[in-house]
Amino acid sequence: MSLDNASDHTPPHWARPGPGSVTVYSQGTAQDIAVTDHGGGKLQLAAPASPLSLAALLAACEALTSHAAEEVLVLLKREDFASLEQELLSTGAASLLDGSWLAVFPEMLWQVPDLWLAQPPRSYPQAQVAGPHGSHPLRPPKPSGLLYHRRIPWLQQTFSLRALDPAADLELFHAWMNDTRVAAFFEESGTLEYHRNYLSRMQTDPHMMPVLGCLDGRPFCYFELYWARENRIGAHYPAGDWDRGWHVLVGDPEARGADYVTTWLPSLMHYMFLAEPRTQALVGEPAASHTQQLRNLTRSGFAAVKEFDFAHKRATLVRLEREHFFQARLWSRPSPADPGRPLQLSPFAQLNPGETR
């Protein structure tokens, strides 16, 4: 399956940065907004010629912070965005920097789900139930349809996640699972009926969720998301109540390489952190012998915690913490010139709750 000439599935609000401006595309209209570079990573978004919705403004800020090696801070003059200030502050998308300026910190902006989640998260009540490795929270019902979308600047395509449909996606799943390359590590090749039953078990298991990853609406990879407490991995480390893990297979052979890994891997992590704000860590258990996957995970912010044994493989426990993902801006595949330099444009460095501003 070629990923060329894919149909357009762009989000309703997105933006593209250019020299000295950012173009915001919102509900079929486009508007250029001037950007002033104040140096040191500080970018001022000018007052728009036409009123912007909150979603359109957030899209402009996303574009300015989505793919940058060094730190970025988006500045908004309060008088220019007075009509949106209350919403910006109440959602945490912006913070009051001083009497004249609002600051959009990427670390906070990228935790606001509005731009990326097709279905806003709800705070599902927490109640403990018995599980195979002790108690765990009763899991919320699994969503269906479109889950997440994000415009990828280095591919100029939209990456999206949608819940797998056991009927409509069965033949695609069957073909991928029987691909020789996939079967060698996923080990779930079989008949169409076997895969129908496999997906049926996935759908009825409260702790598992099958998901397809797509580029411009076309599936190219498959994920199994799971809650770690009741998964087999829960027997090997003290999983938090809302820790989540995942398995992956890339079904499309044309969608391999760094540009694709740095698309689906951080976007999937971003989705899982947004979908459940109580999730503080994401885990995985790749084979200890899978050196390429371990390198990809390490480059994407995961720490190798330990090796341990399942009945079928020796595995490496890897873990990514929420705070690290957002502070290090791991969605943007940054490569800072001086990774040992303290952050200069973070809320910790710029905001002092002890002072009146």
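What counts and how
Residues numbered from 1 in each chain as written. Predicted model: local features only at pLDDT ≥ 70, side-chain atom pairs only at ≥ 80, totals over all residues. Heavy atoms only, no water. Phe/Tyr/Trp six-rings, centres within 6.5 Å; stacked < 30°, edge-to-face > 60°. Buried < 20%, exposed > 50% of the residue type's maximum accessible area, 1.4 Å probe, protein only. Lys NZ or Arg CZ within 6 Å of the ring centre and 35° of its normal. Pairing = 2+ DSSP bridges. Helix = DSSP H or I, 4+ residues; strand = E, 2+ residues; numbered from the N terminus. Contact = heavy atoms within 4.5 Å. Axes fitted to C-alpha atoms, helices over the stretch in contact; angles between N-to-C directions. Core = buried A, V, L, I, M, F, W, Y, C linked by side-chain atoms within 4.5 Å. Right-handed = clockwise from strand over helix to strand, strands pointing away. 1 Å grid on protein atoms, 1.4 Å probe; cavity = no way out; pocket = protein on both sides within 12 Å on 5 of 7 lines; lining within 4 Å. Points joined across faces, edges and corners; volume = space filled by probe spheres on them. Nonpolar A, V, L, I, M, F, W, Y, C, P; charged D, E, K, R; others polar.

Student: So, the packing of aromatic side chains: which residues are in play, and what are the values?
Tutor: The final tally for this structure, using the stated rule, is 21 aromatic pairs. Look at Phe 308 and Phe 310: their rings are 5.0 Å apart centre to centre, the planes differ by 80°, and that puts the pair in the edge-to-face class. Take Phe 308: its relative accessible area is 5%, and that puts it in the buried class. Joined through ring pairs, the aromatic side chains of Trp 110, Trp 116, Phe 273, Phe 325, Phe 326 and Trp 331 make up one cluster. The positively charged end of Arg 151 is found above the aromatic ring belonging to Trp 14, 4.7 Å away from the centroid. In this structure, Arg 244 is placed above the aromatic ring of Trp 227, and the distance from its NZ or CZ to the ring centre is 4.1 Å.

Student: Quick one: what's the story with the sheet that holds strand S3 (residues 29-39), residue by residue and with numbers?
Tutor: Judged by pairing direction, the sheet is mixed, and its 7 strands sit side by side in the order S1-S2-S3-S4-S5-S7-S6 without closing on themselves. With partners counted over all chains shown, the strands left at the sheet margins are strand S1 (13-18) and strand S6 (95-96), one partner each. Across 4 bridges, strand S5 (residues 73-77) lies against strand S7 (residues 101-104) in antiparallel orientation. Across the sheet, the residue bridging to Leu 75 is Ala 103, located in S7. Relative to the sheet, helix H1 (residues 54-65) contacts S1, strand S2 (21-26), S3, strand S4 (42-45), S5 and S7, its axis offset from that of S1 by approximately 40°.

Student: So what's going on with the nonpolar core? Residues and values would help.
Tutor: Grouped together as the largest cluster of nonpolar side chains are 72 residues, with contacts concentrated most on Leu 45, Leu 88, Trp 246, Trp 264 and Met 269. Looking at this core, the element that brings in the most residues is helix H7 (residues 258-275), giving 10 residues. Discounting chain neighbours no more than four positions away, the residues touching Leu 45 are Val 22, Ile 33, Ala 34, Val 35, Leu 57, Ala 60, Cys 61, Leu 64, Val 74, Leu 75, Leu 76 and Phe 81. In terms of nonpolar packing, the next biggest core, distinct from the first, is built from 24 residues, Leu 164, Phe 186, Tyr 237 and Ala 315 among them.

Student: Residue-level account of the pairing of strand S15 (residues 281-284), with values.
Tutor: Regular strands place side chains that alternate from one sheet face to the opposite one. What you see with S15 is no split at all: Ala 281 and Val 283 on one side and Leu 282 and Gly 284 on the other are buried throughout. The sheet contact formed by strand S14 (residues 244-250) and S15 spans 2 bridges and is parallel. Across the sheet, Arg 244 pairs through a bridge with Leu 282, a residue of S15. In the classification by handedness, the crossover that spans S14, the intervening H7 and the parallel S15 is right-handed. Two elements, S15 and strand S17 (residues 314-321), share 4 bridges in a ladder whose sense is antiparallel. Bridge assignment links Leu 282 to a residue of S17, and that residue is Leu 320.

Student: Mind laying out empty space enclosed by the protein, listing which residues take part and the relevant values?
Tutor: Within this structure, the stated rule accounts for 2 cavities of 30 Å³ or more. Approximately 100 Å³ is the volume attributed to the largest cavity. Forming the walls of the largest cavity are Glu 71, Val 72, Phe 105, Pro 106, Glu 107, Gln 327, Arg 329, Leu 343, Leu 345, Ser 346 and Pro 347. Residues that form the lining of the largest cavity fall into these classes: 6 nonpolar, 2 polar and 3 charged. Within this model, the second largest cavity holds a volume of roughly 40 Å³. What lines the second largest cavity is simply Pro 11, His 13, Trp 14, Glu 62, Leu 115, Trp 116, His 149, Arg 150 and Arg 151. Elements with a minimum of two residues in the lining of the second largest cavity: S1 and strand S10 (146-152). Broken down by element, the residue count for the lining of the second largest cavity peaks at 3 residues, all from S10. Class assignment of the residues belonging to the lining of the second largest cavity gives a composition of 4 nonpolar, 2 polar and 3 charged.

Student: Before we move on, could you go through the sheet that holds strand S11 (residues 157-163) and cite the residues and values that matter?
Tutor: On the basis of which strands lie adjacent, the open sheet formed by 8 strands has the order S10-S11-S12-S13-S14-S15-S17-S16 and mixed pairing. Every other strand in the sheet has two partners, leaving S10 and strand S16 (303-309) as the edge strands with one partner each. Across the sheet, the mean angle from the axis of one strand to that of its neighbour is 25°, orientation sign disregarded. One ladder, built from 7 bridges, connects strand S13 (residues 218-227) with S14; its direction is antiparallel. Along S14, the bridge assignment pairs Cys 221 with Val 250. Sheet strands touched by helix H6 (residues 192-204): strand S12 (208-215) and S13. Its angle to S13, the strand with the most contacts, is close to 50°. Along the sheet, H7 contacts S10, S11, S12, S13, S14, S15 and S17; its crossing angle with S14, the most-contacted strand, is approximately 150°.

Student: Tell me about unusual backbone geometry, and name the residues and values.
Tutor: Even without glycine at this site, Gln 156 takes up a positive phi of about 55°. Among the secondary structure elements, Gln 156 is positioned in the loop between S10 and S11. Judged by its relative accessible area of 39%, Gln 156 is partly exposed. If you check the backbone angles, Arg 329 has positive phi at about 55° while not being a glycine. If you trace the backbone, Arg 329 turns up in the loop between helix H9 (322-327) and helix H10 (347-350). When its relative accessible area of 10% is taken as the criterion, Arg 329 is described as buried.

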